[in-house]
Amino acid sequence: LMCTVAQGACLGRQDARTPLFIFLVAGLTNIVADIIAVLPSGLNLGLIGAAYATLLAQTLALLLFGVLLLRRGHLQCRFIMPSFDEHIKPFANSSSMLLLGSVCRMGVYTLIMMSATMLSTTYVATHQVAMQVFWFLTYFVEPLFVAATSFVSRDLACGKVEKARRLVRTLVVLSALEGIVLAAISGASRFYAPFFTVDPMVAANLISIAGLMAVAQGVASVTLVVEGALIGMGELLYLAKVHVLNFAIICAYLYWGKSAGTGLVGIWIGIVLHQTLRLGQHASYLTRAGRWSRFEK
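In this text, all values refer to a predicted model and were calculated from it rather than measured experimentally.

Rules used in this analysis
Residues numbered from 1 in each chain as written. Predicted model: local features only at pLDDT ≥ 70, side-chain atom pairs only at ≥ 80, totals over all residues. Heavy atoms only, no water. Helix = DSSP H or I, 4+ residues; strand = E, 2+ residues; numbered from the N terminus. Buried < 20%, exposed > 50% of the residue type's maximum accessible area, 1.4 Å probe, protein only. Contact = heavy atoms within 4.5 Å. Core = buried A, V, L, I, M, F, W, Y, C linked by side-chain atoms within 4.5 Å. Axes fitted to C-alpha atoms, helices over the stretch in contact; angles between N-to-C directions. Parallel < 35°, antiparallel > 145°, perpendicular 65-115°, else oblique. Left-handed = near helix turned anticlockwise from the far one by under 90°. Nonpolar A, V, L, I, M, F, W, Y, C, P; charged D, E, K, R; others polar.

1. Structural notes on the side chain of Gln217
Alright, step 1. Note that Gln217 resides in helix 10 (residues 210-232).
Alright, step 2. A residue is classified by how much of its surface remains accessible, and Gln217, at 0% relative accessible area, is buried.
Alright, step 3. Residues within four places of Gln217 in sequence aside, it is in contact with Val133, Phe134, Leu137, Thr138, Leu182, Ala183 and Ser186.

Rendered as structure tokens:
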């Protein structure tokens, strides 16, 4: 959690190199520690050894963040009591909206996982592999998301409204192009299924939802970047309302899917529905007349 906060502090200053360097060092440390602690040729600690290796890597990352932030003057050595009106209140107003949106968004995926666990073990295994592929590929869009949140807010704060609009259009186009590539990779489950499982039923099920995986991946790529732009514009209340609404919609859909017996295909239709709903709502909101006028001086 503390590493995530430190990473956010760096990204807020448009510094992506520092987190990249630190996490590369931590990742390599984790790999070496795993080899030493887990394997029979080393300490042979098994699962406990893997936990210790991860703890070591995370602790190292936190120490590196602390040292670098202190050297650059971004971190105070002494404790300063924050002012309620100047620091706590504005932070609480924005973070509460972000937290509500995150809870509803992750609540959707929690409900989806719960729905999958009500199916057979084979379907649960298939869904787990599919979600791992989905989350892994989503990370490739994160740089565009960070750019949207950071640079859009920077340009708007400087009164460069037209520049911010052009940036949003550029990032959306780039995310769409990247989404096409990621969708093609996600949908090619016939080729990567053997790397995840030796069970022919799991592989067959993965192939059966390949099309839905591809659509969900492609739409999610654009959705993530558009939401980054909306965060940069300060539209936190709107995002919270949308996520609450979509949480209710997906809840109703999954309840219906359970009674209708839609199975794993129905679950992934729900994931596509969730991503498509968000993208459609955001596109309608952003293109509404006068949406950018409030930023013009």
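2. Quick look at the nonpolar core
Alright, step 1. In this structure, Leu156, Met213, Leu230, Met233, Trp268 and Trp292 are the most contacted members of the largest nonpolar core, which totals 51 residues.
Alright, step 2. Here the element with the most residues in this core is helix 10; it accounts for 8 residues.
Alright, step 3. When neighbours within four sequence positions are excluded, Leu230 is seen to be in contact with Glu235, Tyr238, Leu239, His282, Tyr285 and Leu286.
Alright, step 4. Among the nonpolar cores identified, the runner-up in size contains 9 residues, and Ala6, Cys10, Ala26 and Ala57 belong to it.

3. Details of the packing of helix 8 (residues 189-196) against helix 9 (residues 200-208)
Alright, step 1. For the pair helix 8 and helix 9, the least separation of the axes is 9 Å and the interaxial angle reads 150 degrees. On the basis of their axis angle, the class for helix 8 and helix 9 is roughly antiparallel. By crossing handedness, the relation of helix 8 to helix 9 is classed as right-handed. Contacts between helix 8 and helix 9 involve Ser189, Arg190, Tyr192 and Ala193 on the former and, on the latter, Ala203, Leu206 and Ile207.
Alright, step 2. A class-by-class count of the residues in the contact of helix 8 with helix 9 yields 5 nonpolar, 1 polar and 1 charged.

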